[in-house]
Amino acid sequence: AQSVTQLDSQVPVFEEAPVELRCNYSSSVSVYLFWYVQYPNQGLQLLLKYLSGSTLVKGINGFEAEFNKSQTSFHLRKPSVHISDTAEYFCAVTTNAGKSTFGDGTTLTVKP
Amino acid sequence: GAGVSQSPSNKVTEKGKDVELRCDPISGHTALYWYRQSLGQGLEFLIYFQGNSAPDKSGLPSDRFSAERTGGSVSTLTIQRTQQEDSAVYLCASSEERTGGAYGYTFGSGTRLTVV
């Protein structure tokens, strides 16, 4: 079985500041790692994914994430956030069976 | 279609009534998933279809919940004798999955179900 822990339920940050949203996971098998974003009143969109290879992956809207196998983490980062980045962010792990396990989400609020 | 379409977008029903939620996935996507998102919570897996078969229905909360998929396309999630705890946003996702979970999901906008 897999599990995902998003360490912060809410992250407030000022505009143009850097941000890190933390995600740890556990699994007895190899997994693929994903971040999804849910803007207010919208469905979830795929932000980025790690399958293999380089541990630093880049996604849409200037976000990136780093896979750390020894720490079983997949933290999401952005060097400078905008008001429009205010949303809920979900970390997810998927096995070869295809079913994803999601974290409880982190609400990012960007303040002017 | 261009995206995953879910209907209705909102549904208010009386306790004890049955409801049907519909999902129309992206054309050609073989895998289809139903999740439930309760207020302030993460996504709870309900059921997974590969084609018309459901190899994993382990997340269905009770026998009041059932789902089917026909023609490898549209799926319907049915909740019988609805209870207030069924109130949530029901999300459908599809995936261009052939050999595993590497593709990620495309989600619909969800159906917000309110049981009164």
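Residues numbered from 1 in each chain as written. Chains lettered and ligands numbered in written order. Predicted model: local features only at pLDDT ≥ 70, side-chain atom pairs only at ≥ 80, totals over all residues. Heavy atoms only, no water.

Right, let's talk about the interface of chain A and chain B for a bit. With 20 residues of chain A at the contact, the number on the chain B side is 22 residues. Interface area, chain A with chain B, both sides summed: about 1,500 Å², of which 53% is carbon and sulfur. Per-residue buried area on chain A facing chain B is highest for A:Leu44, A:Lys99 and A:Phe102; these three make up 33% of the total on that side. Counting across the chain A and chain B interface gives 1 salt bridge. As a salt-bridge pair, B:Asp56 and A:Lys99 come within 3.2 Å of each other at their nearest N and O atoms. Of all the secondary-structure elements, those providing two or more residues to the side of chain A that touches chain B are strand E5 (32-38), strand E6 (44-50), strand E10 (87-94) and strand E11 (100-102) of chain A. In terms of residue count, E5(A) provides more of the side of chain A that touches chain B than any other element does, 4 residues in total. In terms of residue class, the side of chain A that touches chain B is built from 9 nonpolar, 8 polar and 3 charged. (Contact = heavy atoms within 4.5 Å. Buried area = accessible area lost by both parts, 1.4 Å probe. Salt bridge = Lys/Arg side-chain N within 4 Å of Asp/Glu carboxyl O. Helix = DSSP H or I, 4+ residues; strand = E, 2+ residues; numbered from the N terminus. Nonpolar A, V, L, I, M, F, W, Y, C, P; charged D, E, K, R; others polar.)

Each strand in a sheet pairs with another by means of backbone hydrogen bonds, the pair being arranged parallel or else antiparallel. Residues and elements named next belong to chain B. Sheet architecture is open: 4 strands sit in the order E1-E3-E8-E7, paired in antiparallel fashion. Looking at the sheet topology across the chains shown, the edges are occupied by strand E1 (5-7) and strand E7 (65-69). Strand-to-strand twist in this sheet, taken as the mean axis angle between neighbours without regard to direction, amounts to 15°. Taken together, the 5 bridges between strand E3 (residues 19-24) and strand E8 (residues 75-79) define a ladder with antiparallel strand orientation. Bridging across to E8, leucine 21 finds its partner in leucine 77. (Pairing = 2+ DSSP bridges. Axes fitted to C-alpha atoms, helices over the stretch in contact; angles between N-to-C directions.)

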